[in-house]
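# Inside the fold
What follows is the residue order along each chain.
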Amino acid sequence: MTSAFQAKKQKILQQLNQPAEAYNDLSPKGTIDEGIRTLIDEINEIDGLVTTSSCAGRISAFLEGKKKLAAGSAKSQEEVSQEQSIAGPGGKGGGQWLFVSHDPIRIPDNAEDIRFYDLFGLKSSKGQQPLKHQPGRRYVHLKFEAMILHLFTASLEDAQRVLSAALQAGFRESGSVSLTRNADGSVTPMVAVRSIGLAFDSVIGYQDEDGELIPVVDGPYLHGLVELANERFQVNTDRIARFKKQLLESAGNSPTSKAPKGKKNAPDWEDAATRRERKRAEGLRLQQLKVNKRDTDADTSPSSVTPF
């Protein structure tokens, strides 16, 4: 493990260990999501891994930033140059978060569909309007996004361990970058754990000339989107649990793969290296048994018995 990796990990851990009132990051909330804090702490206890950014999953309503208009549009070039923020649907360069939740939205039994207009910042008094696209129009998006987790790893082997756990848990769009060698000859990949397949992005409104946010879908439709997001939160939670189990077991840090503290000398305790060797030996034995069984079956089959 390189000294450069260790130095970066130590710096990140120092930031994470700050008191809650002193910690701040670049997320809309500015803090680590409570639903993923335990996972991050456990990952950061593993040699060769450290988390750099994360989101436990969220449902959000977002107003796009102001857009640059194409040549020949209604606005003059001077007006375009005066725009304070340029952004697309992703929100970079401008835009406004209207609503963000990292937990399912509680829906009371007697909830009226119309309440979702107010929850996401839409002008309920305007009612549903037809969606007619205009150049430069800023749209309101309702989104669900699954967990995303970035990890800095000390080697290709550490990166592969993370990717294997992520893919087995259902985070199928996970991947790694920075696979070239550093100046000291080491390779320290950055791994992203993510599942784009769970996400959705639906346009639910737009900003009119007066700056008001006008809905383009009705209340029952919004209600249905919220219920869909709540279901996907549960799928996301299940995948996080599977990822945690797979990763900790591969690192020998799960309750099922290591002995309790202070009991390393117990007769049935084994460290991670011993466990891997035992599993490999068991696999070889099973393969040999299958070969032996095929040979036995071939010897006793009708085609191989010598006739009288």
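In this report, the structure presented in the accompanying data block is examined. Everything numeric here is computed off the predicted structure, so don't read it as measured data.

## Some thoughts on the overall build of the protein chain
Summing up its helical and strand segments, the protein chain has seven helices and nine strands in all. Surface accessibility of the protein chain: about 18,600 Å² in total, with carbon and sulfur atoms responsible for 51%.

## Observations regarding the sheet that holds strand β5 (residues 148-153)
Taken in spatial order, the four strands of this open sheet run β1-β5-β7-β6, and their pairing is antiparallel. The open sheet has two free edges, formed respectively by β1 (49-55) and β6 (175-177), since each of these has just one partner strand. The average undirected angle you get between the axes of adjacent strands in this sheet is 20 degrees. Relative to β5, β1 runs antiparallel, the two being bridged by six bridges.

## Describing the pairing of strand β8 (residues 200-207)
With six bridges joining them, strand β4 (residues 139-145) and β8 adopt antiparallel strand pairing. The partner of leucine 142 across the bridge, within β8, is serine 202. Relative to strand β9 (residues 213-215), β8 is paired through three bridges, and the arrangement is antiparallel. Along β9, the bridge assignment pairs tyrosine 206 with isoleucine 214. Between β8 and β9, which pair antiparallel and follow one another directly, the connecting turn spans five residues, one of which, glycine 211, has a positive phi of 85 degrees.

## Details of the sheet that holds β9
Read across the open sheet, the five strands follow the order β3-β2-β4-β8-β9; overall the sheet is antiparallel. On the outer flanks of this sheet lie β3 (96-101) and β9, each paired with one strand and no other. Recorded for the sheet is a direction-independent mean angle of 30 degrees between the axes of neighbouring strands. Relative to the sheet, helix α6 (residues 219-250) contacts β2 (58-63), β3, β4 and β8, its axis offset from that of β8 by approximately 145 degrees.

## Brief notes about the packing of aromatic side chains
Applying the stated rule across the entire model yields seven aromatic pairs. With a centroid separation of 5.0 Å and 80 degrees between ring planes, the pair formed by phenylalanine 144 and phenylalanine 233 is classed as edge-to-face. Here phenylalanine 144, found in strand β4, pairs with phenylalanine 233, found in helix α6; they are 89 residues apart in sequence, far enough to count as distant. Looking at phenylalanine 233, the relative accessible area reads 4%, which means it is buried. Members of the aromatic cluster, joined through ring pairs, are Phe99, Phe116 and Phe120. Sitting above the plane of the phenylalanine 116 ring, arginine 115 keeps its charged end 5.1 Å from the centroid. We note arginine 137 situated over the ring of tyrosine 206; from NZ or CZ to the ring centre the distance is 3.9 Å.

## Some remarks on the packing of helix α5 (residues 156-169) against α6
At a minimum axis separation of 8 Å, α5 and α6 run at an interaxial angle of 145 degrees. With respect to the hand of their crossing, α5 and α6 are arranged in right-handed fashion. Mapping the contact onto sequence places Arg161, Val162, Ala165, Ala166, Gln168 and Ala169 in α5 and Arg239, Arg242, Phe243, Gln246, Leu247 and Ser250 in α6. For the contact of α5 with α6, the class distribution of residues is six nonpolar, three polar and three charged.

## Here's the deal with the pattern of salt bridges
Applying the stated criterion to the full structure yields six salt bridges. Aspartate 41 is the partner of arginine 37 in a salt bridge, and the nearest nitrogen-oxygen pair spans 3.2 Å. Placement of both arginine 37 and aspartate 41 in helix α2 (residues 34-43) is noted, with a separation of four residues, approximately one turn of the helix. Among the residues examined, aspartate 41 registers a relative accessible area of 34% and is labelled partly exposed.

Cut-offs and rules
- Residues numbered from 1 in each chain as written.
- Predicted model: local features only at pLDDT ≥ 70, side-chain atom pairs only at ≥ 80, totals over all residues.
- Heavy atoms only, no water.
- Helix = DSSP H or I, 4+ residues; strand = E, 2+ residues; numbered from the N terminus.
- Areas by Shrake-Rupley, 256 points an atom, 1.4 Å probe, with all protein chains shown as cover.
- Pairing = 2+ DSSP bridges.
- Axes fitted to C-alpha atoms, helices over the stretch in contact; angles between N-to-C directions.
- Contact = heavy atoms within 4.5 Å.
- Phe/Tyr/Trp six-rings, centres within 6.5 Å; stacked < 30°, edge-to-face > 60°.
- Buried < 20%, exposed > 50% of the residue type's maximum accessible area, 1.4 Å probe, protein only.
- Lys NZ or Arg CZ within 6 Å of the ring centre and 35° of its normal.
- Left-handed = near helix turned anticlockwise from the far one by under 90°.
- Nonpolar A, V, L, I, M, F, W, Y, C, P; charged D, E, K, R; others polar.
- Salt bridge = Lys/Arg side-chain N within 4 Å of Asp/Glu carboxyl O.

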